[in-house]
Amino acid sequence: MVVKIENSWKNALKESLDSSAFKELSKFVRDEYLSAIVYPPPKLIFNAFDLCPFRDVKVVVLGQDPYHGPSQAHGLCFSVPDKVSIPPSLQNIYKEIQTDLGLYVPKAGNLENWARQGVLLLNATLTVRAGVAGSHQGKGWERFTDEVIEELSNERENLVFLLWGRYAQDKGSVIDTDKHLVLSAAHPSPFSAHNGFFGCKHFSKTNDYLRERGLTPISWT
């Protein structure tokens, strides 16, 4: 797999990208694309990085796995391309934004606008077989994305990390809370959103934190 990723990330992650572990992961991913239907399209595997350069990151949202249905995954966690039905978790994210900030609920689920403002929409695993949730877990992506989080924590300051659900919270355990704001809540899935995601006010808290540090807040719609 030829890694085509935005240059600032290529520099920040050079050690990781050059590692034997990443070479093994690349071989696995390449073989999967040759032998099965895999999402997202190859050119969008690193879409989250390409839309949000390393030095532009203000907020990190941690997801787990790409969507495994047709036309859904495009390299941004929780996001779907235009004209694709909004998934239930994203519907709940929009509901919380509406309650928290009094903003209208978007009619589309494409979050590229967030990414371009500095929101890194990072899944722990960046690829998946069609129709098989979690099929590329444990193959090396998690190690790579752990290194992404560590690099951001170590080299940047005043970032906001949004950790929704136990999986994201465990993955975010390496974040330096003296340098960054970490906000945790239940996952926005319909199965858990009522257990603490609704009412968490993470979107207003994020913008308050950014404003206090002289940074432009995120337009969440």
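Above this text you will find the structure in question.
Residues numbered from 1 in each chain as written. Predicted model: local features only at pLDDT ≥ 70, side-chain atom pairs only at ≥ 80, totals over all residues. Heavy atoms only, no water.

**Q** Would you mind going over helix H5 (residues 88-101) with me for this structure?
**A** What sets the pattern is the α-helix's 3.6 residues per turn: residues three or four places apart point alike. Relative to the 20 Å expected for 14 residues at 1.5 Å per residue, H5 spans 20 Å between its end C-alpha atoms, a close match to the ideal helical length. Looking only at H5, the buried set comprises Ser89, Leu90, Asn92, Ile93, Tyr94, Glu96, Ile97 and Asp100. Buried-residue contacts for H5 involve helix H6 (112-116), strand S5 (160-164) and helix H9 (202-212). Downstream of H5 by a residue or two, Gly102 has a phi angle that is positive, lying close to 70°. (Helix = DSSP H or I, 4+ residues; strand = E, 2+ residues; numbered from the N terminus. Expected span 1.5 Å × (residues − 1). Buried < 20%, exposed > 50% of the residue type's maximum accessible area, 1.4 Å probe, protein only. Contact = heavy atoms within 4.5 Å.)

**Q** What exactly am I supposed to notice about the packing of aromatic side chains here?
**A** Centre distance and the angle of the planes are the two values used to describe a pair of aromatic rings. With the rule as written, the count across this model stands at 16 aromatic pairs. Judged by centre distance (5.2 Å) and plane angle (50°), the rings of Phe22 and Phe144 are tilted. One end of the pair, Phe22, is in helix H3 (residues 20-35); the other, Phe144, is in helix H7 (residues 141-155), and 122 residues separate them in sequence. Each member of the pair, Phe22 as well as Phe144, carries the same accessibility label: buried. Among the aromatic side chains, those forming a connected cluster through ring pairs are Trp9, Phe22, Phe46, Phe49, Phe54, Trp141 and Phe144. A cation over a ring is seen here: Arg213 above Tyr209, with NZ or CZ 3.6 Å from the ring centre. (Phe/Tyr/Trp six-rings, centres within 6.5 Å; stacked < 30°, edge-to-face > 60°. Lys NZ or Arg CZ within 6 Å of the ring centre and 35° of its normal.)

**Q** Looking at this structure, I do not really get the sheet that holds strand S3 (residues 119-123). What am I missing?
**A** The strands making up a sheet associate through backbone hydrogen bonding, with each pair oriented either parallel or antiparallel. Here we have four strands laid out as an open sheet, ordered S3-S2-S5-S6, and parallel in their pairing. The sheet is open, and its two borders are formed by S3 and strand S6 (181-185), each paired with just one other strand. Each neighbouring strand pair of the sheet contributes to a mean axis angle of 20°, computed without reference to strand direction. Of the strand pairs in this sheet, strand S2 (residues 59-63) and S5 are connected by four bridges, and their pairing is parallel. The residue bridging Val60 from the neighbouring strand is Phe161, located in S5. (Pairing = 2+ DSSP bridges. Axes fitted to C-alpha atoms, helices over the stretch in contact; angles between N-to-C directions.)

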